[in-house]
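# Coordinate inspection notes
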Amino acid sequence: MGSEVQPTTVVQLLNMVTVSELVDDTEYADILEDVKDECSNYGKIASVVIPRPAPDGEDVKVPGLGKIFIEYEDVSAASVAVKELAGRQFSGHTVIATFITKSDFDSANY
């Protein structure tokens, strides 16, 4: 991606989840609920996407695997979320929060 993306409505969270956590349906549901609960503190969420591994252990490259994407209804909420979430601890990991472009998000180019 190169240089830093200007603020958009879409926040990308890295270093929060592992592939093994995403395989288990219960863990996935818990993570999704936790993310929605926490991220709604910063503004109205339009959608949350947490890509999961291919079923049955298929060796398929899944775009964005291991990342979490939160689409907010406005840029100001997304900006607050990036500032508040970057550097926080989640399951013993330091969260990295950045923006991605709306077009990359919409086309699953992550």
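Located above this text is the structure these notes cover.
Residues numbered from 1 in each chain as written. Predicted model: local features only at pLDDT ≥ 70, side-chain atom pairs only at ≥ 80, totals over all residues. Heavy atoms only, no water.

### Re the packing of aromatic side chains
Where two aromatic rings form a pair, the distance of their centres and the angle of their planes describe that pair. The test is simple: Each Phe, Tyr or Trp ring (for Trp, its six-membered ring) is paired with any other whose centre lies within 6.5 Å, and the angle between the two planes then decides the class: stacked below 30 degrees, edge-to-face above 60, tilted in between. Type-normalised accessible area, obtained with a 1.4 Å probe on protein chains alone, sets the label of each residue: buried when under 20%, exposed when over 50%, and partly exposed for intermediate values.
Per the counting criterion, the structure on display carries 3 aromatic pairs. Considering the side-chain rings of phenylalanine 105 and tyrosine 110, the 6.4 Å spacing of their centres and the 35 degrees angle between planes classify their relative orientation as tilted. Take phenylalanine 105: its relative accessible area is 8%, and that puts it in the buried class. Pairwise contacts between aromatic rings join Phe69, Phe105 and Tyr110 into one cluster.

### Here we look at the nonpolar core
Note the following rule: For this analysis, a nonpolar core means a set of buried residues of the types Ala, Val, Leu, Ile, Met, Phe, Trp, Tyr and Cys, connected via side-chain atoms within 4.5 Å. Secondary structure elements are taken from DSSP: a helix is a run of H or I of four residues or more, a strand is a run of E of two residues or more, and numbering for both begins at the N terminus. Whether two residues touch is decided by their heavy atoms; if any such pair falls within 4.5 Å, the residues are in contact.
Within the largest apolar cluster, 25 residues are counted, with the highest numbers of intra-cluster contacts made by Leu13, Val35, Ile50, Ile68, Ile70 and Tyr72. Put simply, the parts of the chain that give this core at least two residues each are β1 (10-14), α2 (25-39), β3 (68-72), α3 (75-85) and β6 (96-100). Excluding residues that lie within four positions of it along the chain, isoleucine 70 makes contacts with Thr9, Val10, Val11, Leu13, Val35, Cys39, Ile45, Ser47 and Val48.

### Observations concerning α3
Given 3.6 residues per helical turn, the α-helix brings residues three or four places apart onto the same face. Taken as a whole, α3 has its buried residues at Ala77, Ala78, Ser79, Ala81, Val82 and Leu85. Residues of α3 that are buried make contact with β1, α2, β3 and β6. Trailing α3 by a residue or two, glycine 87 shows a phi angle of about 90 degrees, which is positive.

### Focus on a nonpolar patch on the surface
Condition: What makes a patch is a set of residues exposed beyond 30% relative accessible area and free of salt bridges, joined within 9 Å when like-charged and within 5 Å when nonpolar (Val, Leu, Ile, Met, Phe, Trp, Tyr). All accessible-area figures derive from a Shrake-Rupley calculation using a 1.4 Å probe, and residue coverage is judged against the displayed protein chains alone. Just to be clear on terms, a salt bridge is a Lys or Arg side-chain nitrogen sitting within 4 Å of an Asp or Glu carboxyl oxygen.
Among the surface-exposed residues, Val19, Val23 and Leu65 lie close enough to one another that they form a single nonpolar patch of about 220 Å² accessible area. Within the element layout of this structure, valine 23 appears in helix α1 (residues 19-23).

### A closer look at the pattern of salt bridges
The full count for this structure, using the stated rule, is 4 salt bridges. A salt bridge links arginine 88 to glutamate 38; the shortest N-O distance between them is 2.8 Å. Of this pair, arginine 88 sits in the loop between α3 and β4 (89-90) while glutamate 38 is found in helix α2, placing the two residues 50 residues apart along the sequence. Its relative accessible area of 27% is what places glutamate 38 among the partly exposed residues. Glutamate 71 is the partner of lysine 102 in a salt bridge, and the nearest nitrogen-oxygen pair spans 2.8 Å. On the criterion of sequence distance, the pair formed by lysine 102 in helix α4 (residues 102-106) and glutamate 71 in strand β3 is long-range, its members being 31 residues apart.

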